[in-house]
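Results of the structural survey
Each chain is listed here by its residues.
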Amino acid sequence: MQRNNQEVKTPLISLNSIDVTFPLPSGPAIHAVSDVNLTIQKGEIFGIVGLSGAGKSTLARVINLLQKPTKGSVEINGVPVTHYTGAKREKLRQNIGMIFQHFNLISGSSVAKNIEFNLRASGYDTEKIQGRVTELLSLVGLSDRSHAYPSQLSGGQKQRVAIARALANNPEILICDEATSALDPETTNEIVGILRSINQEFHITIVFITHQMEVAKKLFDRIAVMDAGHIVEINDTYTLFTEPKHICSQRLVERIIDVEIPEELVVKDGEVLLKITYTGQKAYNPIIATVVRLFAIDLSIVNGQIEYINGKPIGVLVVLISGDQEKRALALQYLQENTSKIEVIQKEQLV
Amino acid sequence: MIENTLSLLQQYLLKATAETFEMVLISLIAALAIGTALGLFLFLTKTPLLIENKVLNSIAGGLVNLIRSIPFIILLVVLIPLTKLIVGTTIGPLAASVPLSFCAIAFHARLVESSFSEIDRGVIESSVATGAPLSLIITKVLFVEARPSLVRAITVTLVSLIGYSAMAGIVGGGGIGDLAIQFGYYRYETGVMVVTVILLVVIVQFAQILGDKIANHFVR
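Below, the structure is looked at part by part. (Residues numbered from 1 in each chain as written. Chains lettered and ligands numbered in written order. Predicted model: local features only at pLDDT ≥ 70, side-chain atom pairs only at ≥ 80, totals over all residues.)

**Regarding the interface of chain A and chain B**
Taken together, the contact between chain A and chain B spans 22 residues of the former and 21 residues of the latter. In terms of residue count, helix α2 (residues 86-94) of chain A provides more of the side of chain A that touches chain B than any other element does, five residues in total. (Contact = placed C-beta atoms within 7 Å. Helix = DSSP H or I, 4+ residues; strand = E, 2+ residues; numbered from the N terminus.)

**Details of the sheet that holds strand β2 (residues 30-41) of chain A**
Residue and element names in this part refer to chain A. Here we have four strands laid out as an open sheet, ordered β2-β1-β4-β5, and antiparallel in their pairing. Where the open sheet ends on each side, the last strands, each with one partner, are β2 and β5 (79-80). Sheet topology note: the strand β1 (residues 11-22)/strand β4 (residues 71-76) ladder contains five bridges and is antiparallel. Along β4, the bridge assignment pairs Asp 19 with Lys 71. Its contacts with the sheet put helix α1 (residues 56-63) on β1, β2 and β4, and the angle it makes with β1 is roughly 125 degrees. (Pairing = 2+ DSSP bridges. Axes fitted to C-alpha atoms, helices over the stretch in contact; angles between N-to-C directions.)

**Some remarks on the nonpolar core**
When a protein is soluble and globular, its nonpolar side chains tend to lie buried together. Judged by nonpolar contacts, the single largest core of 130 residues is most densely connected at Ile175(A), Ile206(A), Val207(A), Phe208(A), Cys103(B) and Ala104(B). Element by element, the count of residues in this core is highest for helix α5 (residues 93-117) of chain B, at 14 residues. Beyond its immediate sequence surroundings of up to four residues, Val207(A) is in contact with Ile40(A), Phe46(A), Ile48(A), Ala60(A), Ile63(A), Ile173(A) and Ile175(A). Listed in part, the 12 residues of the second largest apolar core include Ile276(A), Val291(A), Leu317(A) and Val318(A). (Core = buried A, V, L, I, M, F, W, Y, C linked by C-beta atoms within 7 Å. Buried ≥ 20, exposed ≤ 12 C-beta atoms within 10 Å, placed from the backbone.)

**Let's talk about the sheet that holds strand β11 (residues 271-279) of chain A**
The strands making up a sheet associate through backbone hydrogen bonding, with each pair oriented either parallel or antiparallel. All names here are of chain A. One open sheet holds the four strands; their spatial order is β12-β13-β11-β14, and the pairing between them is antiparallel. Each of the sheet's edge strands pairs with one partner strand only, and the pair in question is β12 (298-309) and β14 (341-344). Taken over all neighbouring pairs, the strand axes of this sheet differ in orientation by 15 degrees on average, direction set aside. Across 11 bridges, the pairing between β12 and strand β13 (residues 312-322) is antiparallel. Bridged to Ile 301 within β13 is Val 319. Seen against the sheet, helix α11 (residues 325-338) touches β11, β13 and β14 and runs at an angle of roughly 145 degrees to β14.

**With respect to the packing of helix α1 (residues 2-46) of chain B against helix α8 (residues 147-165) of chain B**
All names here are of chain B. Viewed as axis vectors pointing N to C, α1 and α8 meet at an angle of 140 degrees, and their least axial separation amounts to 10 Å. In this view, α1 runs oblique relative to α8, as classed from their interaxial angle. In this structure, α1 crosses over α8, and the sense of that crossing is right-handed. Residues Thr 20, Met 23, Val 24, Ser 27, Leu 28, Ala 31 and Leu 32 of α1 lie in contact with α8, whose contacting residues are Ile 154, Thr 157, Leu 158, Leu 161, Ile 162 and Ser 165. (Parallel < 35°, antiparallel > 145°, perpendicular 65-115°, else oblique. Left-handed = near helix turned anticlockwise from the far one by under 90°.)

Here it is, written out as structure tokens:
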């Protein structure tokens, strides 16, 4: 499931020391993005995650110059574009599709006309426009809705029109700004599926902004975590989920991988409450059965969860171990050696 | 009494109605052409992703405010020299159309500006993100999205113009309103007053209903 291993990595988007500040008429300026350095490779699905107000949308808009950076430079394919204006900037934007949380379709135009707008924007051959619109609509499975108006479509359908529109001019880059945040989980999966397949089919580079870790887990190759205008951590998705370093990353990952410990649970003398995290191949080993057999301890599973990220498992298990001191210690040692991480949970922590 | 009213109406009503139509039509065309362009300019120059320009926006906005702050009855008089320059006379419906047009342009420009301002910012942003040239954004996004609101703005301007045209009598512009003043008020011809008022009410109602119908047709 690792996606881009067949391709040679070539940087497509480079953001160098990007600062974006918004001056306020009263008081100090808002520092939306601070000193961001980022390189996004050709063909990857790159996620920028963070809480709202972290500056991710502003950062995404720097890529297609909807937001001019206060400081720093943007390079696309190694060419500095930060200073682009007029026709040059228009040309750049035609190479960068963008979809939005609230779809932002032209409400007074039909589905076909919405897509046609993007083609006209790039000066597409007028005679070929109809054919291209038909092609794009079938790509997103909306061939029968070309005459419908946006208000007659569901959220998922609107986003599919937006995707078709964004792909109209065969852009190299697709920016998704919270593109699934206004959709229900089922529709979110549908859109995630479409994005993944266009990434594979057209090798389009996707930059996806979101606060939804479910989407991050399913879609991204690499993730940058943003907090208060800074990028605090960048890693491949699996590593970020299994070993989040920054507190902000840990909080975000906890939303996906978290196990609750019931408040009623009382840890008695001679018992130990343990949180076991296992990743990669270790997740497949029959570790629990082995430890019970080897050390003759009692082990009850309190809670547990297994997630698959890019096809690789990450599991968390909370167990209560009872038995005599010596056996417990041996069991703990064995678990320590054969899993990724174990944490003894103190009773105080439960409150 | 009734015979007198009827004969007065027979004599003047048709002419007065034609004069009102002439004045309203000329100034409405001016409002549609220049007022819409000015309103669009005001919107474009105040919107960051389009052609935001505070200086140009203040100049255009100041000009509109200047005209809008002068009461129409005074504008009628103030513009007399300009009227003479443009149409060669200061009397009659054509002459009255000049100040009426000024008023209509400024009035309509503000309505158009606010119609465009109602467009969802996200839609504008997404159209700018496509790399479309401004001309395409104006014709295929701004005018499309603001269409129902623009039609309503035209209706409001039209109805206001019918009202303002009643004051045109001051400069000998004639029209239905003038007829009501001249006969209905100065000569105590209540019958004439009643008929002209009813006629104005009917015209305005008709304009409003038609405008609403067209606007609703464009709502998606």
